[in-house]
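Chains, contacts and geometry: an overview
Take a look at the letters that make up each chain.
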Amino acid sequence: MSELCQACGRDALRPHLRVGTGAGPEGLIPTTDRFGSALADIVRCAACGHGQLERLPTEAELSTAYAEAASEDYVEEEAGQRETARRTLERIESRVEGRSLLDLGCWVGFLLAEARDRGWGARGVEPSTFASDYARDRLGLEVITGDLLEADLPHGAFDAIVLGDVIEHLPRPSETLDRLAELLAPGGVVCLILPDAGSRLARVMGARWWSVLPTHVQYFTRGSLEVLLRRRGFEPLHLATAPKAFTVRYYLDRIAGYSPALSRALVGLAGGAGLAERMWAPDFRDRMLVIAAAPAPRG
Ligand SMILES: [Zn+2]
């Protein structure tokens, strides 16, 4: 096997889950309901437990897919995303003094809008044209449309950098962390929110876990993420589960990936009972939030 483990850097990858669709780069459709499929089979590192695709897609293939990403679903779920964002910001605020925030992969900008309301100077980068236009035009946010790692940003300027549901999409996460270290101010922190492939739910569900998706190329566990962070000089400060708040309708719609008929029946029942629009933040314990301190300046 030619690839090395993207978390620990060792040559210890072994076959794990057979989920490759053979669809090629055109299968790279950002989505939340095509779980159980990936661009290639998933291999796992015998040394640190990290999972990744057997063949990692190129940056160019990914850029095209993300630039074209658009989803009205995520705009409709605004209340839930803002609620989740406030919880995330509370955790960051308790661990950093300064108030300059960068959201890399900010999508339509709900976290940035909440941060601005709480007194942060807030900037974002987002590859999707649809989502970055929304952030600027509807929410009046300072958002660059572009590649997460190549956007022109000042070095040493940010007290907190958030990557929400981003790092699991990146073929070279160690290079991403090095870039974050350049952008962070002394004493700054990164906040990573991502699926936890080492969680009980992920292990029980295997290929049917809802975070096995065509655009996910890394499958971090708590352990493998910590290994990667420390290898790039970051110091983990806080690790927790990261439930997402959504309406009941959203969760029931997602069940369609398993059973369309069951999903329709449940949405009908919930609608009839007046439950469908109720906010819900179930903690399946299969998502994690990690806050880590920037590497100490060298020399
Ligand atoms: Zn490893």
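Above this text is the structure in question.
Residues numbered from 1 in each chain as written. Predicted model: local features only at pLDDT ≥ 70, side-chain atom pairs only at ≥ 80, totals over all residues. Heavy atoms only, no water.

1. Details of the packing of aromatic side chains
Tallied over the entire structure, the rule returns 2 aromatic pairs. Ring geometry for Trp107 and Phe130: centres 5.9 Å apart, planes at 55°, overall tilted. Residue Trp107 is found in the loop between strand S4 (100–104) and helix H4 (110–117), and its partner Phe130 is found in helix H5 (residues 129–137); the two are separated by 23 residues along the sequence. Given the relative accessible area of 18%, Trp107 is considered buried. By relative accessible area, which is 23% here, Phe130 ends up partly exposed. An angle of 85° between the planes, with centres 6.3 Å apart, marks the rings of Phe110 and Tyr134 as edge-to-face. Highlighted residues: Phe110 in helix H4 and Tyr134 in helix H5, separated in sequence by 24 residues. (Phe/Tyr/Trp six-rings, centres within 6.5 Å; stacked < 30°, edge-to-face > 60°. Helix = DSSP H or I, 4+ residues; strand = E, 2+ residues; numbered from the N terminus. Buried < 20%, exposed > 50% of the residue type's maximum accessible area, 1.4 Å probe, protein only.)

2. Quick notes on the pairing of strand S13 (residues 287–293)
With respect to burial, S13 is a largely interior element, 7 of its 7 residues being buried. Residues Arg287, Leu289, Ile291 and Ala293 of S13 are buried on one face, and the alternating residues Met288, Val290 and Ala292, pointing to the opposite face, are buried as well. Strand direction decides the pairing type here: strand S8 (residues 184–195) and S13, joined by 7 bridges, are antiparallel. When the bridges of S13 are listed, Leu194 appears paired with Met288. (Pairing = 2+ DSSP bridges.)

3. Concerning the packing of helix H6 (residues 173–183) against helix H8 (residues 222–231)
Following both chains from N to C, one finds H6 and H8 inclined at 50°, their axes separated by 10 Å at the closest point. With respect to H8, the axis of H6 lies oblique. The element H6 and its partner H8 pack so that their crossing is right-handed. In contact with Pro173, Ser174 and Leu177 of H6, H8 contributes Leu228, Leu229 and Arg231. Taken together, the residues that form the contact of H6 with H8 break down as 4 nonpolar, 1 polar and 1 charged. (Axes fitted to C-alpha atoms, helices over the stretch in contact; angles between N-to-C directions. Parallel < 35°, antiparallel > 145°, perpendicular 65-115°, else oblique. Left-handed = near helix turned anticlockwise from the far one by under 90°. Contact = heavy atoms within 4.5 Å. Nonpolar A, V, L, I, M, F, W, Y, C, P; charged D, E, K, R; others polar.)

4. Regarding the coordination of the zinc ion
In an ideal octahedron of six donors the angles at the metal are 90 or 180 degrees, and in an ideal tetrahedron of four donors they are 109.5 degrees. Those protein atoms acting as donors to the zinc ion are Cys5 (SG), Cys8 (SG), Cys45 (SG) and Cys48 (SG), and they sit at 2.3 Å. Around the zinc ion sit 4 donor atoms; with metal-centred angles ranging over 104 to 116°, the donor geometry is tetrahedral. (Donors = N, O, S within 2.8 Å, 3.2 Å for Na, K, Ca; no water. Tetrahedral: all angles 85-135°; square planar, octahedral: opposite > 155°, others 65-115°.)

5. Focus: the pattern of salt bridges
All chains considered together, the criterion is met by 16 salt bridges. Here Arg82 makes a salt bridge to Glu78, at a shortest N to O gap of 2.8 Å. One end of the pair, Arg82, and the other, Glu78, are both in helix H3 (residues 78–93), 4 residues apart, so they sit about a helical turn from each other. You can call Arg82 buried: its relative accessible area is 16%. On the basis of relative accessible area, Glu78 is assigned to the partly exposed category, the value being 25%. One salt bridge in this structure joins Arg87 and Glu83, with 3.2 Å as the shortest N-O distance. Of this pair, Arg87 and Glu83 both sit in helix H3, separated by 4 residues, roughly a single helical turn. Exposure remark for Arg87: the relative accessible area of 35% places this residue in the partly exposed category. Each member of the salt-bridge network shares a partner with another, and the members are Glu78, Arg82, Glu83, Arg86, Arg87 and Glu114. (Salt bridge = Lys/Arg side-chain N within 4 Å of Asp/Glu carboxyl O.)

6. Some words on the sheet that holds strand S7 (residues 158–164)
Pairing is mixed in the open sheet, where 7 strands are placed in the order S6-S5-S4-S7-S8-S13-S10. The open sheet has two edge strands, strand S6 (142–145) and strand S10 (235–241), and neither has a second partner. Within the sheet, the average angular offset between the axes of one strand and its neighbour, ignoring direction, is 15°. Where H5 meets the sheet, its contacts fall on strand S5 (121–126) and S6, and the angle it forms with S6 comes to roughly 160°.

7. Quick look at empty space enclosed by the protein
Going through the model one piece at a time under the given rule, you end up with 1 cavity of 30 Å³ or more. Lining the largest cavity we find Glu168, Leu194, Pro195, Ala197, Trp209, Ser211, His216, Gln218, Tyr219 and Phe220. Sorting the residues of the lining of the largest cavity by element identifies S8 and strand S9 (218–219) as the ones contributing at least two each. (1 Å grid on protein atoms, 1.4 Å probe; cavity = no way out; pocket = protein on both sides within 12 Å on 5 of 7 lines; lining within 4 Å. Points joined across faces, edges and corners; volume = space filled by probe spheres on them.)

8. Some details on the sheet that holds strand S2 (residues 42–45)
Strand order across the open sheet formed by 4 strands is S1-S2-S3-S9, with antiparallel pairing between neighbours. The two strands at the open ends of the sheet, each matched to only one other strand, are strand S1 (13–17) and S9. Pairing between S2 and strand S3 (residues 51–53): 3 bridges, direction antiparallel. Paired with Ile42 across the two strands is Leu53, which belongs to S3.

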